[in-house]
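A structural walkthrough
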Amino acid sequence: TRSLTITSVDQSTFEKAQGEKVTLPCTFELSEEDEGPLDIEWVLIPTDNQKKEQIIIMYSVDRVYNHYYAGLTGRMQFTNLDPRSGDGSLDILNLKAADTGTYQCKVKKAPGVQSRKIQLTVFVKPARTKCSIEGSQEIGKDVTLKCVSQEGSPLLSYDWKRVSGTQNLPATSVLNKNTGELLLKNASREYSGTYNCVASNRVGTDECSVELNVTPPINTAGIIIGAIIGTLLGLSVLCSIIFCLCKKHKEKKYEKEVHHDIREDVPPPKSRSSTARSYIGSNRSSLGSMSPSNMEGYTKTPYSQVPSEDFERAPAPTPAFAPSKVAAPNLSRMGAVPVMIPAQSKDGSIV
């Protein structure tokens, strides 16, 4: 008698790029003898034999169960909405690198039981490829062009080509397709131009470009001398600025010390009262040495002409001379030796 048979046996391996969709086929035919309930299971076989198979999705008793495997939740479904029609194929959407593995389709309808394994490999396309130049871009030097993809499943392959001018690579170039390095030995001006790198794997490509400009050697001696001279000039300017600032600071400090310094060898200024006293004392000493001949002129000088300072005591009143006999002023009050002042008679003789 004939029993259940899986008919999709043409392809057992699939290679897809990340983000794409894949359909894992699992079609079958039932026999008249298969009278039990139909069960369809998709399981993921782990690479480690010590681990158990993980159920991904299942159809049983006219119902779909797809909550067993969190890694594919929302991204998988049966290709046919009614697997009883003989199509238990599985669709996986938005593939990821983690989806790589061995999948197995199991179909059961007692007494028939059949299964089929399919190998799925999810590749990541090359992406974020960057080109760079390593080494001095001088005539006669060795220059290395580098090309690296930040993303991409192995095995990645790199290929360089020249875009500007002749598209042939220089005769001295050495290409490593596995590392993406292009070595240009003994570079010359003719090597200048634009170079393009293409990174590729089984599911996609990515590329980048770099500009090479080979120039004559740089006069390093002149650069060093110029740098030394510039450094010395800079140091001299800096020293001048520091010297000026220090000098200015010392001048300000000196002015501040002179302003606040109290000199002990300078006598205090005379008060106005002492000035007036010295003036009076000088006049009093003059009175003591005056003779009758010059007394007349002195008596005509009033005390009111003495500088207007405050005195400790009021000055004595000016003495009045009698026509016949004039008494001498009380010089004892003034601190001078008393003298007799002669009087002048009407006829001009001195009495």
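What counts as what
- Residues numbered from 1 in each chain as written.
- Predicted model: local features only at pLDDT ≥ 70, side-chain atom pairs only at ≥ 80, totals over all residues.
- Heavy atoms only, no water.
- Disulfide = S-S within 2.5 Å.
- Helix = DSSP H or I, 4+ residues; strand = E, 2+ residues; numbered from the N terminus.
- Buried < 20%, exposed > 50% of the residue type's maximum accessible area, 1.4 Å probe, protein only.
- Pairing = 2+ DSSP bridges.
- Axes fitted to C-alpha atoms, helices over the stretch in contact; angles between N-to-C directions.
- Core = buried A, V, L, I, M, F, W, Y, C linked by side-chain atoms within 4.5 Å.
- Salt bridge = Lys/Arg side-chain N within 4 Å of Asp/Glu carboxyl O.

Where an unreviewed UniProt entry is consulted, the protein chain appears under the name CXAR protein, with the organism given as Rhabdornis inornatus.

Once that is clear, we can look at the state of the cysteines. Tallying each qualifying case throughout the model produces 3 disulfides. In this model Cys-26 forms its disulfide with Cys-105; the gap between the sulfur atoms is 1.9 Å. Between Cys-26 and Cys-105 the sulfur-sulfur dihedral comes to about -65°; the bridge is accordingly left-handed. On the criterion of sequence distance, the pair formed by Cys-26 in the loop between strand S3 (22–24) and strand S4 (28–29) and Cys-105 in strand S10 (residues 101–109) is long-range, its members being 79 residues apart. The two residues Cys-26 and Cys-105 agree in class, both being buried. Disulfide pairing places Cys-131 opposite Cys-208 at an S-S distance of 1.8 Å. Every disulfide takes its handedness from the sign of the S-S torsion; for Cys-131 and Cys-208 that torsion is 75°, giving right-handed. In this pair, Cys-131 sits in strand S12 (residues 127–134) while Cys-208 sits in strand S18 (residues 205–212), placing the two residues 77 residues apart along the sequence. An identical accessibility class is assigned to Cys-131 and Cys-208; each is buried. Across the protein chain, the way the bonded cysteines pair up, counted in sequence order, is 1-2, 3-6, 4-5. Cysteine Cys-244 shares no disulfide, and the gap to the nearest cysteine sulfur, in Cys-246, comes to 9.3 Å.

An order of S14-S17-S18 is seen for the 3 strands of this open sheet, with the pairing classed as antiparallel. Of all strands in the sheet, those bounded by a partner on one side alone are strand S14 (157–162) and S18. Each neighbouring strand pair of the sheet contributes to a mean axis angle of 20°, computed without reference to strand direction. In this sheet, S18 lies alongside strand S17 (residues 193–200) in antiparallel orientation, the contact comprising 8 bridges. Counterpart to Val-198 in the pairing with S18 is Glu-207.

What follows deals with the pairing of strand S13 (residues 143–151). Where S12 meets S13, 7 bridges bridge the pair, whose relative direction is antiparallel. Within S13, the position partnered with Thr-129 by the bridge is Ser-149.

Our next topic: the nonpolar core. The tendency in soluble globular proteins is for nonpolar side chains to be buried as a group. Within the largest apolar cluster, 26 residues are counted, with the highest numbers of intra-cluster contacts made by Leu-24, Trp-42, Ile-56, Ile-92, Tyr-103, Val-107 and Leu-120. Elements that contribute at least two residues to this core include exactly S3, strand S5 (39–45), strand S6 (54–60), strand S8 (76–78), strand S9 (90–92), S10 and strand S11 (112–123). Membership of the second largest hydrophobic core comes to 18 residues, among which are Leu-145, Cys-147, Leu-184 and Ala-187.

With that out of the way, let us pick up the environment of Glu-190. Counting through the fold element by element, Glu-190 comes out in the loop between strand S16 (181–184) and S17. Distance from Glu-190 to Asn-213, taken between C-alpha atoms, is 9.4 Å for residues 23 residues apart in sequence.

This model, assessed by the stated rule, comprises 8 salt bridges. Between Lys-106 and Glu-53 there is a salt bridge, with its nearest N and O atoms 3.2 Å apart. Here the residue Lys-106 occupies a position in strand S10, and Glu-53 occupies one in the loop between S5 and S6, the gap between them amounting to 53 residues. Among the residues examined, Lys-106 registers a relative accessible area of 22% and is labelled partly exposed. When the shortest N-O distance is used, the salt bridge between Glu-134 and Lys-146 registers 3.0 Å.

Turning to the pairing of S17, a few remarks are in order. Pairing analysis gives 6 bridges linking S14 to S17, with the strands arranged antiparallel. Residue Lys-161 lies in a different strand from S17, and its bridge partner there is Asn-196.

Reading across from one edge, S2-S11-S10-S5-S6-S7 is the order of the 6 strands in this open sheet, with mixed pairing throughout. The sheet is open, and its two borders are formed by strand S2 (13–17) and strand S7 (63–65), each paired with just one other strand. The average angle at which neighbouring strand axes cross in this sheet is 20°, direction not considered. Pairing geometry for S10 and S11, over 9 bridges, is antiparallel. Residue pairing across strands places Lys-109 opposite Gly-112, the latter belonging to S11.

As a further point, take unusual backbone geometry. Keep in mind that most residues, glycine aside, have a negative phi and that most peptide bonds are trans. Cis geometry marks the peptide bond from Ala-110 to Pro-111; its omega dihedral reads 5°. By secondary structure assignment, the location of Pro-111 is in the loop between S10 and S11. Omega for the bond connecting Pro-154 with Leu-155 falls within 30 degrees of zero, at 5°, which places this linkage in the cis form. Take Leu-155: it is sitting in the loop between S13 and S14. Non-glycine residue Asn-94 carries a positive phi angle of around 45°. Tracing the backbone shows Asn-94 in the loop between S9 and S10. Phi is positive for Asn-186, close to 50°, though the residue is something other than glycine. With respect to the element layout, Asn-186 can be found in the loop between S16 and S17.

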